[in-house]
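# Results of the structural survey
Residues per chain, in single letters:
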Amino acid sequence: MDVDRSRRPQTPAGGHNDQDRLPLSPPPSLPTASAGLSLYVGRQASSLGRYLLEQTLQALVGWVPTVAGIGLRALLYRLMLRMDGLVAIEPGVRLRFADHIRLGKGAYLDQATYLHACPAGIHIGAGTLIMHGAILHVYNFRDLPHAGITIGRDSLIGEYTVIRGQGGVALGDRVYTSPMVQIIAVNHVFEDPARPFIHQGITAQGIVIEDDVWIGSGAVITDGVRVGAGAVVAAGAVVTKDVPPHTVVGGVPARVLREIDGTPGQPRGVVYF
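A quick note: this is a predicted structure, and the numbers were derived from the prediction, not measured.

## Examining the overall build of the protein chain
Secondary structure summary: the protein chain contains three helices and 25 strands in total. Out of the 273 residues in the protein chain, the part that is buried amounts to 40%. Restricting to contacts in the protein chain with at least 6 residues of sequence separation, those with at least 24 account for 27%. For the protein chain, the computed accessible surface area is about 16,100 Å², with 59% contributed by carbon and sulfur atoms.

Structure, rendered in structure tokens:
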């Protein structure tokens, strides 16, 4: 028997058809305002009290310019973070989980830097400079065991450098990063094509950069890597394997270009000290 599939079921007189009477699925539940607020505060500070303290101090004096502002912050920020001596914090610096931030004597935080410590913490050594727009973010909301960022003495973190410390990042003394370096101690798992990568978890092995390392502009240091003492990473390199001490590496992926063995080289210009 032929069926006219273009015809719709007739609605009984004075009512609706059965399909119209089917119950609608309830909309997905949304977090309550209080739950959302609690989540937000929990991503910004150790407790509500700490959040109020840190935000109040930064609102009161975080914007004050010139050496007057540096002096005020050196005095009042001791109420929310640890300083091992006189430090200089420029206006516009953003600090989260400040009770887990420790600044060594003579440390310097330039304008627009962002330090998000989480419980594992950020430790910046004496005399180290964190330059404009740099981001140091531990980003540990999964109870990762080795998360944290430690930077030794007399180092320099260049403009717009990003350091992510889920697996732990340890930089030695006199480590210099040029602008826009990325040091990322985390990886996403993505091997299962049937699931979105955000549901497959992460790995976080950690990164170690030993003393006296210079990292060129735009270089990327990936998770699980150790860069040996005295090494130089060329601009734009992507480092996926350990770098031997006193070598120059470059390329994508990075490979050893030469050893630094004391053989006199030809400087490209006048050498200044």
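## Details of helix 3 (residues 66-76)
Within helix 3, burial applies to Gly-69, Ile-70, Arg-73 and Ala-74. Looking straight down helix 3, one finds its buried side chains confined to an arc of 135°; they lie on one side. Buried positions along helix 3 lie against helix 2 (48-61), strand 1 (82-83) and strand 2 (88-89).

## Comments concerning the pairing of strand 25 (residues 255-259)
Little of strand 25 is tucked away, with zero of its five residues classed as buried. In this sheet, strand 25 lies alongside strand 24 (residues 247-250) in antiparallel orientation, the contact comprising four bridges. What sits directly across from Thr-247, in strand 25, is Glu-259. The turn linking strand 24 back onto strand 25 is made up of four residues, and Gly-251 within it adopts a positive phi angle of 100°.

## What to know about the side chain of Arg-50
By secondary structure assignment, the location of Arg-50 is in helix 2. Side-chain polar atoms of Arg-50 contact the backbone oxygen of Met-80, separated by 2.7 Å. Leaving out residues up to four positions away in the same chain, Arg-50 has contacts with Ala-45, Leu-79, Met-80, Ala-98 and Asp-99.

## Concerning the pattern of salt bridges
Pairs may arise between side chains of opposite charge once their charged atoms sit close together. Tallying each qualifying case throughout the model produces six salt bridges. Across the pair Glu-54 and Arg-50 runs a salt bridge, and its minimum N-O distance is 3.0 Å. Of this pair, Glu-54 and Arg-50 both sit in helix 2, four residues apart, which is roughly one turn of that helix. For the pair formed by Glu-54 and Arg-50, the shared burial category is buried. Measuring nitrogen to oxygen at the nearest pair gives 2.7 Å for the salt bridge that ties Arg-102 to Asp-84. Here Arg-102 is found in strand 4 (residues 101-103), whereas its partner Asp-84 is found in the loop between strand 1 and strand 2, with 18 residues between them in sequence. Note on Arg-102: relative accessible area 29%, which makes it partly exposed. Members of the salt-bridge network, linked through shared partners, are Arg-82, Asp-84 and Arg-102.

## Points about the sheet that holds strand 15 (residues 182-184)
With parallel pairing, the seven strands of this open sheet are ordered in space as 3-6-9-12-15-20-23. Unpaired on one side and paired on the other, strand 3 (94-96) and strand 23 (238-239) mark the two borders of the sheet. In this sheet, strand 12 (residues 162-164) lies alongside strand 9 (residues 135-137) in parallel orientation, the contact comprising three bridges. Bridge pairing in strand 12 places His-137 opposite Arg-164.

## Describing the packing of aromatic side chains
If you walk through the whole model with that rule in mind, you get one aromatic pair. Judged by centre distance (6.3 Å) and plane angle (80°), the ring pair of Tyr-40 and Tyr-51 falls under edge-to-face. In this pair, Tyr-40 sits in helix 1 (residues 33-42) while Tyr-51 sits in helix 2, placing the two residues eleven residues apart along the sequence. When its relative accessible area of 18% is taken as the criterion, Tyr-51 is described as buried. Geometry around Tyr-114 places Arg-94 over its ring, the cationic atom sitting 4.3 Å from the centre.

## As for the layout of surface pockets
Approximately 460 Å³ is the volume attributed to the largest pocket. Forming the walls of the largest pocket are 16 residues, and the residues nearest its centre are Trp-214, Val-232, Val-248, Arg-258 and Ile-260. Looking at the lining of the largest pocket, the elements that each hand over two or more residues are strand 22 (232-233) and strand 25. Of the residues that constitute the lining of the largest pocket, the class distribution is seven nonpolar, five polar and four charged. Of the volumes computed, that of the second largest pocket is approximately 170 Å³. Along the walls of the second largest pocket sit Tyr-139, Phe-141, Arg-142, Leu-144, Arg-164, Gln-166, Val-186, His-188 and Ile-202, which together make up its complete lining.

## As for the environment of Arg-195
Among the structural elements, Arg-195 can be located in the loop between strand 16 (187-188) and strand 17 (202-203). Within the structure, the side chain of Arg-195 is placed 3.1 Å from the side chain of Asp-192, a separation counted as a polar contact.

The rules we used
- Residues numbered from 1 in each chain as written.
- Predicted model: local features only at pLDDT ≥ 70, side-chain atom pairs only at ≥ 80, totals over all residues.
- Heavy atoms only, no water.
- Helix = DSSP H or I, 4+ residues; strand = E, 2+ residues; numbered from the N terminus.
- Buried < 20%, exposed > 50% of the residue type's maximum accessible area, 1.4 Å probe, protein only.
- Contact = heavy atoms within 4.5 Å.
- Areas by Shrake-Rupley, 256 points an atom, 1.4 Å probe, with all protein chains shown as cover.
- Arc of directions from axis to C-beta.
- Pairing = 2+ DSSP bridges.
- Polar contact = N/O pair within 3.5 Å; in protein donor to acceptor, adjacent residues only side chain to side chain.
- Salt bridge = Lys/Arg side-chain N within 4 Å of Asp/Glu carboxyl O.
- Phe/Tyr/Trp six-rings, centres within 6.5 Å; stacked < 30°, edge-to-face > 60°.
- Lys NZ or Arg CZ within 6 Å of the ring centre and 35° of its normal.
- 1 Å grid on protein atoms, 1.4 Å probe; cavity = no way out; pocket = protein on both sides within 12 Å on 5 of 7 lines; lining within 4 Å.
- Points joined across faces, edges and corners; volume = space filled by probe spheres on them.
- Nonpolar A, V, L, I, M, F, W, Y, C, P; charged D, E, K, R; others polar.

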